[in-house]
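Spelled out from the first residue to the last, the chains are:
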Protein chains: 2
Amino acid sequence: GTPLELKCINTIRALAADMVQKANSGHPGAPMGCAPMAHLLWSAASAGGAGRNHSAACPHWWNRDRFVLSNGHACALQYIMLHLSEYEDCSMDQLKAFRQVGSKTPGHPENFLTKGVEVCTGPLGQGISNAVGMAIAAKHLGANYNTPDFPDIISSKTYVICGDGCLQEGISGEACSLAGHLGLGNLIVLYDDNQITIDGSTEISFTEDVNKRYEAYGWQVITVDDVANGLDDLRAAIEEGKKTTDKPTLIKVRTIIGYGSPNKQGKASAHGAPLGASEVEMVKSRLYGMDPMKSFFIDEDVAEYYKQQMAEGEIARAAWEENFAKYKKANPEKAAELQRRFNLELADGVFDTLPTFVYGKDKADSTRKFSEMCLNAVAPKMPELMGGSADLTDSNYTAIKGAGSFQKGTPEGTLISFGVREHAMSAICNGMFSYGGMRPFCATFLQFAGYAMGAIRLSALAKYGVIYIMTHDSIGLGEDGPTHQPVEMLESLRAMPNINVVRPADLNEMAAAYQIALTCVNTPTVICCSRAGVSALEHSSREMAMKGGYTILPEVGEGAPDLILLSTGSEVGRCVDAAKALSEHSIRTRVVSMPCQEIFLEQSEAYRRSILPGNVPTLSVEAGAEHGWYRWSHAQIGMTRFGMSGPLEQLFVKFGFDAENVASKGKELVEFYKNLGGNVPDLNARPSFDSFKGPAH
Amino acid sequence: GTPLELKCINTIRALAADMVQKANSGHPGAPMGCAPMAHLLWSAASAGGAGRNHSAACPHWWNRDRFVLSNGHACALQYIMLHLSEYEDCSMDQLKAFRQVGSKTPGHPENFLTKGVEVCTGPLGQGISNAVGMAIAAKHLGANYNTPDFPDIISSKTYVICGDGCLQEGISGEACSLAGHLGLGNLIVLYDDNQITIDGSTEISFTEDVNKRYEAYGWQVITVDDVANGLDDLRAAIEEGKKTTDKPTLIKVRTIIGYGSPNKQGKASAHGAPLGASEVEMVKSRLYGMDPMKSFFIDEDVAEYYKQQMAEGEIARAAWEENFAKYKKANPEKAAELQRRFNLELADGVFDTLPTFVYGKDKADSTRKFSEMCLNAVAPKMPELMGGSADLTDSNYTAIKGAGSFQKGTPEGTLISFGVREHAMSAICNGMFSYGGMRPFCATFLQFAGYAMGAIRLSALAKYGVIYIMTHDSIGLGEDGPTHQPVEMLESLRAMPNINVVRPADLNEMAAAYQIALTCVNTPTVICCSRAGVSALEHSSREMAMKGGYTILPEVGEGAPDLILLSTGSEVGRCVDAAKALSEHSIRTRVVSMPCQEIFLEQSEAYRRSILPGNVPTLSVEAGAEHGWYRWSHAQIGMTRFGMSGPLEQLFVKFGFDAENVASKGKELVEFYKNLGGNVPDLNARPSFDSFKGPAH
Ligand SMILES: [Ca+2]
Ligand SMILES: [Ca+2]
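Per chain, residues are indexed from 1 in the order of the written sequence. Think of it this way: whatever chain is written first is A, whatever ligand is written first is 1, and the rest follow in order. The predicted origin of the model limits local features to residues at a pLDDT of at least 70 and limits the giving and counting of side-chain atom pairs to 80 or more, whereas totals for whole chains, interfaces and linings rest on all residues. Note that water and hydrogens are dropped before the side-chain values are worked out from all heavy atoms of the structure.

### Section: the nonpolar core
What counts, and what does not: What makes a nonpolar core is a set of buried Ala, Val, Leu, Ile, Met, Phe, Trp, Tyr and Cys residues whose side-chain atoms join them at distances within 4.5 Å. Only protein chains enter the accessibility calculation, which uses a 1.4 Å probe; a residue whose area is less than 20% of its type maximum is buried, one above 50% is exposed, and one in between is partly exposed. The criterion used for residue contact is that any of the two residues' heavy atoms lie within 4.5 Å.
Formed by 270 residues in total, the largest nonpolar core has its most connected members in I136, Y214 and W219 of chain A together with I136, Y214 and W219 of chain B. Setting aside anything within four residues of it in sequence, one finds I136 of chain A in contact with L182, L184, M386, F406, I416, I428 and M432 of chain A.

Rendered as structure tokens:
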């Protein structure tokens, strides 16, 4: 590199040391080691950089080249680069407020806080897997919207910096194997090979041949042996990565963690704590004579350098805007559709396509079959619906009639064969959503949401409206037994913020589930489906199910009911049968179907109390853990242990979910409170206070 | 193979087809394809088989060579082999009861149901990762207990059959990378390369070079191109695997799914459904003239063959028993310790070593530091305590003073550097526990339990007393922000059956956590630890904390308290401060610390009501999701959204966990019920009925 380039890189390093020192917490080592990579990724092609197109003025420009910092703990680096490129969210004041309450420079990158940050990273392996999703989205959109005259409407590349941790995580192995299979030539990963992890040298746990593994995945692999003393090899490697369009590229860059710190460089001690004030001073004086007393210092020539680099990106964007205006004239429908997709708007009439179940006419079926019907109903109006299953397509029923397979040679297809890779599947969907213009969906057995929990959580945190179709949602899957039967999973997901867990009882409720999922663009939705057939329900209603909970079988006669059966999914029909039997014996029973607690909680208090008065004996019935149901019901029929292998009807009887047991327990509950003199604890008699003092997430 | 061997293999195939057909559900394809592998794994060395030492008479013989069917859906194969080897749990009646309620032949292998089954498999990738744990355990125990005169007290090998799905899952990549690093030469994996997954050809999602990837991991890789027409290549490969003791071996065996089924072999349709009665008949007639009308048929020569094979295992076991008797005489202490370990008994006085916190004398610290003290206190008496962290040793505080590192050249060490591989870490611990003689522990940040959920669930299901040390257990971790701050995780884990979630408030409660964890040998325990310091607590008690919940600050004066603050972990101290402030204003407040709900629920009703009467206004305070707390409290201070990045004290105030807000909300709660005329809903006024009709898990 030129002397100015080295000065730029050293400025980045010193800023990183300053930020962590001022915050008194954070990770200086990786930013200092990775600074040369960031420098080139933020340098224009004319200056020998990656020539990555992006725009501080328009951070959400559709065709920007994405950057993902997969080792999110190095985020000081990302904030510094955004600052040098004049992104407004990363002002100098924000750099100084690193990791503080309310800043736009939190301890790990958060897309919803900081413009210029594409995804939430920090949990290792997620970012690189998100990037695979971004590369898929770009390739797919390009294939569908570019034309021979306009080959670059969507043609962005995705660049990643990642560390050892990201590559040790299984999720990245899953995602990168798939990326190789799909030949994602628009993906370039820079691997910060610093031979250090938190516990010390990689020699203690990570001695595999990473290059060989990535070659085995079908990637182009390039090694850059020394980036501390020269940028040319890295320049050439990035250039090679850009030229290679039929496979993703991994560039292994040998770096030194905490480069420039006389006492800590190359050591794990540089990783996760401030270097210390005197060490920071030494870094600066050692680094080519920077003034050790100046903090947060950016010399004019450095500032000017990065401003110039950004100019090329802005020129590229302006050219793209002009080009897009022409495209719009030549291809008005495509342009409008693309605009609608990036606005996360739905096509007119999507919800009108959703099917209705007519009681007495239609045949009942499994709710997974109903999910298939809904998916196929909306799909023709939703080209943005792209996804698939983790190798369970014919069990999850996620095939879309007429849709093509997304493969290396057919990037226009919308169905993805994720393989048996649940965690990467979810992270890839996060990346696709983040790219824009996409409503990704993915599927597996509900139990195996546990494999993907790390990424599902990030759908919720990062506000990605990913749609999870999770079938085989209870012991009702039968013979596959307890390894496959979810027990705690519904509750595990319900405990998570910003995620809709919907468990529909029939086709009408399934239509509601899809409407909820498609409406909530910033909240992921988990649609839980039965393997086996459910009962036909007389009073089910899409409109009412959209309220999250409603009376699906009213009590007979006037006045408060004697008993409420509160249920979800495949157990609702059994509760209806039980209620009818009870009502014949003068226990006036209401059945409430509650497909989505989260949505029910958003209704008015008056509505909620009209459905669940709180002081009427209430028995909840769900073939899952009883855990959270204590909130809603006085007594529970649920799973208090793991399931077992056997035909589902036998299991439903064994575990008490048959109508007969429900009726018997309902009667017992009513008598219990009669014996207590009718004193039913009012579950709604609770003060409502929200502990959080400040704006919501 | 000889004609008899081929007859044996075809008998296995026909039995598998019969079992699935009779059960009317299951997976015939993999057993039919893998039958030749199973045949050799169940054949004696003298017959050209693997010479795997195991014993139907003594299925838990310590030094048996383990077998893991990682593609657990192929379990018909395992049950058939156990039947042919005369394991009592797999009688012919049991084969006929495949996948039925109450049988010992469930839909996927369950170690706690069927002797001869080592681990629960079915969730893909788990079995092969468990096997890595078994290989670690064997190597470690051998290094510590074998002597020059007795080199084979513990010297078992672990054999695995796995399929494409297992190798696609990220967990297996993590585990196998570590296995290569550790040079586990006692591990031999047979990969059923049938080029089919559920969704069809592996061409649609899995085209990586598996052999090259495993070579990159440092494994020996051998390819067997055709096992359908000859066994010799596979024999030679297994022999090579046995000979290679410095690295694990992967044998890629080209097979045909559903081999022998004229219409389904080689197709995904052979995978997960019965072949159909007529197809089963065709299989039999096609397979070398078996009688198509005979079901569940084992010809005498076949039965005799496998009986003979077992004889060698029994001879080996008898020789081992004799040898062990000599070893016992020569090394009485080692022998006694080994016996104690395999009996899962604790050394005398282990609990006496646990530290006590003396209020007014000792300095408060973080509970992760207290965990370190407890771990180090018990470790000298517990050589069976083996484990480590997923690259967060100095954050999780899981180093044990004086303990060596378990590495290729130092297998006697007890500390494992798992690398950034949470999911495999948990599965490896499951495998180590399953091996016997081990009490594995592992550690990461509580939030990243989400990465390991698939395997943690199997600790619970398979009844493995694995100890999870999960630090940074709330927003109290501070600046790392919401990607690292658990919110839902405590609740997600509490919803799971058979797992103890313990969140201690101080050192005394931490000692209780360790005592609970060590006592519960068939239940995993998650010990949740704070990053930051907690308050010194005057009335904390290990003995009382062992009850799961207890009064840590009694109310002032006589009669029922006006208010109960119910809390856990780092929030208990804040509740104590709040209670003292409230009591000064005549609100007589009790503080209940509830480190473990699961253990509290095991106490007598009288005890539980004495602590939590149910009709006293109760406010729960936990820096996690409020979800399940509705069961225990009238109002909650908890997390209703994700956290944020910032110094922890600021966050605790922001989210309402400071003593001041707790006191204010407590007062509000008391007034709320005063305004309702003192009518406090009794949360304990619920009938107790258990839905499950039958024996517990
Ligand atoms: Ca590293
Ligand atoms: Ca396969």
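### Details of the relation of the copies chain B and chain A
What counts is decided by this rule: The atoms used to superpose the copies are C-alpha atoms, taken from residues with pLDDT of at least 70 in both, and the fit is least squares.
Under the fitted operation, chain B is carried onto chain A by 0.0 Å of movement along the axis and a turn of 180 degrees, and the coordinates agree to an RMSD of 0.0 Å. Those values place the two copies in the arrangement expected of a two-fold rotation axis. With an isologous cut-off of 70% or more, the 100% of interface residues of chain B that recur at the interface of chain A puts this contact in the isologous class.

### Quick word on the interface of chain B and chain A
Filter applied, for reference: What gets called buried area is simply the loss in accessible area from a 1.4 Å probe that two parts show on being joined, summed for both. By salt bridge we mean one thing: a side-chain nitrogen of Lys or Arg within 4 Å of a carboxyl oxygen of Asp or Glu.
Each side of the interface is counted separately: chain B has 126 residues, and chain A has 126 residues. Buried area between chain B and chain A, summed over both chains or domains, comes out near 10500 Å², and the portion from carbon and sulfur atoms is 57%. Considering only the surface of chain B that becomes buried against chain A, Y451, F642 and F689 of chain B emerge as the three largest contributors, covering 8% of it. For the pair chain B and chain A, the interface holds 6 salt bridges. E488 of chain A is the partner of R457 of chain B in a salt bridge, and the nearest nitrogen-oxygen pair spans 2.9 Å.

### As for the coordination of the calcium ion (ligand 2)
All names here are of chain B. Let me state the cut-off plainly: For Na, K and Ca the donor cut-off is 3.2 Å, while for other metals it is 2.8 Å, and in both cases only N, O and S atoms qualify; water is not among them, so sites may look incomplete. Numbering of helices and strands runs from the N terminus; a helix is a DSSP stretch of H or I covering at least four residues, while a strand is a stretch of E covering at least two.
Looking at the metal site, the calcium ion (ligand 2) is ligated by D164 (OD), N194 (OD1) and I196 (O), spaced 2.2 to 2.3 Å from it. The motif formed by the donor residues of the calcium ion (ligand 2), counted along the single chain, is D-x29-N-x1-I. Taken together, the residues span a long stretch of sequence, with D164 in helix α6 (residues 164-168) and N194 in the loop between β3 (187-193) and β4 (196-197) at a distance of 30 residues.

### Some details on unusual backbone geometry
Even without a glycine there, the phi angle at K463 of chain A is positive, about 65 degrees. Here K463 of chain A shows up in the loop between α16 (453-461) and β11 (467-471). Of the residues examined, K463 of chain A reaches a relative accessible area of 23% and is grouped as partly exposed. Its identity is not glycine, yet R99 of chain B carries a phi of approximately 65 degrees, on the positive side. The residue R99 of chain B is located in the loop between α4 (92-96) and α5 (126-145) in this model.

### Concerning the pattern of salt bridges
Enumeration according to the criterion identifies 51 salt bridges over all chains in this entry. Linking E384 of chain A and R340 of chain A is a salt bridge whose minimum nitrogen-to-oxygen distance equals 2.8 Å. Of this pair, E384 of chain A sits in the loop between α13 (367-378) and β8 (385-389) while R340 of chain A sits in helix α12 (residues 332-342), placing them 44 residues apart in sequence. For the pair E384 of chain A and R340 of chain A, a shared accessibility class is recorded, and that class is buried. The shortest N-O distance in the salt bridge between R317 of chain B and E314 of chain B comes to 3.4 Å. Taken together, the residues span about one helical turn, with R317 of chain B and E314 of chain B both in helix α11 (residues 300-330) at a distance of 3 residues.

### Details of the side chain of Q515 of chain A
Along the chain, the position of Q515 of chain A falls in helix α18 (residues 507-519). On the accessibility criterion, Q515 of chain A (16% relative accessible area) is buried.

### Here's the deal with the packing of aromatic side chains
Defined as follows: Stacked, edge-to-face and tilted labels apply to pairs of Phe, Tyr and Trp rings (six-membered ring for Trp) whose centres lie within 6.5 Å, assigned for plane angles under 30 degrees, over 60, and everything in between, in that order.
Considering all chains together, one arrives at 42 aromatic pairs over all chains under this definition. For the pair F448 of chain A and Y451 of chain A, a centre-to-centre distance of 5.5 Å together with 75 degrees between the ring planes defines the contact as edge-to-face. For the pair formed by F448 of chain A and Y451 of chain A, the shared burial category is buried. Look at W320 of chain B and F324 of chain B: their rings are 5.1 Å apart centre to centre, the planes differ by 5 degrees, and that puts the pair in the stacked class. Pair noted here: W320 of chain B and F324 of chain B are both in helix α11, with a separation of 4 residues, about one helical turn. Per residue, the accessibility class of W320 of chain B equals that of F324 of chain B, and both read buried. An aromatic cluster is built from W61, W62, F150, W320, F324, Y327, F342 and Y435 of chain A, whose rings are joined through pairwise contacts.

### Here's the deal with the packing of helix α20 (residues 572-584) of chain A against helix α24 (residues 659-675) of chain A
All names here are of chain A. Applied cut-off: Here, axes are lines fitted to C-alpha atoms. For helices the fit covers the stretch in contact, and angles between N-to-C directions go from 0 to 180 degrees. Angles are sorted into four bins: roughly parallel if under 35 degrees, roughly antiparallel if over 145, roughly perpendicular if 65 to 115, and oblique for all others. Handedness of a crossing follows from how the near helix is turned relative to the far one, being left-handed for an anticlockwise turn of less than a right angle and right-handed for a clockwise one. Basically, the charged four are Asp, Glu, Lys and Arg, the nonpolar ten are Ala, Val, Leu, Ile, Met, Phe, Trp, Tyr, Cys and Pro, and anything else, Gly included, counts as polar.
Direction vectors running N to C along α20 and α24 enclose 55 degrees, while the axes themselves pass 8 Å from each other. With respect to their mutual orientation, α20 and α24 come out oblique. In terms of crossing hand, the pair formed by α20 and α24 is right-handed. Side by side, α20 and α24 meet where R574, C575, D577, A578 and L582 of the first sit next to A659, V662, A663 and K667 of the second. Partitioned by chemical class, the residues of the contact of α20 with α24 number 6 nonpolar, no polar and 3 charged.

### Observations regarding the environment of P262 of chain A
Residues and elements named next belong to chain A. Of note, P262 is situated in the loop between β7 (249-254) and α10 (277-286). Classification of P262 as partly exposed rests on a relative accessible area of 31%. The spatial distance from the C-alpha of P262 to the C-alpha of G102 is 34 Å, given a sequence separation of 160 residues. Here P262 is in contact with E279, M282, V283 and R286, once residues within four sequence places are set aside.

### Thoughts on the sheet that holds strand β18 (residues 635-639) of chain B
Residue and element names in this part refer to chain B. Note the following rule: Strand pairing is assigned whenever DSSP detects at least two bridges linking the two strands.
An order of β14-β16-β15-β17-β18 is seen for the 5 strands of this open sheet, with the pairing classed as mixed. The open sheet is flanked by β14 (550-553) and β18, the only strands paired with a single partner. Going across the sheet, the axis of each strand differs from the next one's by a mean of 30 degrees, ignoring polarity. Of the strand pairs in this sheet, strand β15 (residues 563-567) and strand β16 (residues 589-593) are connected by 5 bridges, and their pairing is parallel. Looking across to β16, one finds that L565 is bridged to V591.

### Side note on the environment of G656 of chain A
By secondary structure assignment, the location of G656 of chain A is in the loop between α23 (648-654) and α24. Once the C-alpha coordinates of G656 of chain A and I637 of chain A are considered, the two residues, 19 residues apart in sequence, prove to be 7.1 Å apart.

### A few points about the confidence of the model for chain A
Note the threshold: One number per residue, pLDDT, summarises how confident the predictor is, and it ranges from 0 to 100.
Of all residues in chain A, 99% have pLDDT values of 70 or greater, and the mean over the chain is 96. Across the predicted assembly, pTM comes out at 0.98 and ipTM at 0.98.

### Observations concerning the pairing of β3 of chain B
Residue and element names in this part refer to chain B. In terms of residue burial, β3 counts as a mostly covered element, since 7 of its 7 residues are buried. The two faces of β3 match: L187, V189, Y191 and D193 on one face and I188, L190 and D192 on the other face are all buried. Sheet topology places strand β2 (residues 158-162) next to β3; 5 bridges connect them, and they run parallel. In the strand pairing of β3, I161 is matched with L190. Note that β3 and strand β7 (residues 249-254) share 6 bridges and pair parallel. Paired with D193 across the two strands is R254, which belongs to β7.

### Some remarks on the sheet that holds strand β16 (residues 589-593) of chain A
Either a parallel or an antiparallel arrangement is found when strands of a sheet pair, and the pairing is made through backbone hydrogen bonds. All names here are of chain A. Spatially, the 5 strands line up as an open sheet ordered β14-β16-β15-β17-β18, and their pairing is mixed. Lying at the two open borders of the sheet, with one neighbouring strand each, are β14 (550-553) and β18 (635-639). Averaged over all pairs of adjacent strands, the angle between strand axes in this sheet comes to 30 degrees, irrespective of strand direction. Summarising the sheet, β14 and β16 pair through 3 bridges and their orientation is antiparallel. From the neighbouring strand, Y550 faces β16, where its bridge partner is S593. Strand contacts of α24: β15 (563-567), β17 (618-625) and β18, with the helix running at about 135 degrees to β17, the strand carrying the most contacts.

### Some words on the pairing of β15 of chain A
Residues and elements named next belong to chain A. This is how it is decided: Looking down the strands as they point away from you, a crossover is right-handed if its path from the first strand over the helix to the second goes clockwise.
Counting buried positions along β15 gives 5 out of 5 residues, so the element sits mostly inside the fold. Where burial is concerned, the two faces of β15 agree: the one with L563, L565 and S567 and the one with I564 and L566 are both buried. You can see the chain leave β15, run along α20 and come back into β16, and the turn it takes is right-handed. Strand direction decides the pairing type here: β15 and β17, joined by 4 bridges, are parallel. The residue of β17 that forms the bridge with L565 is L619.

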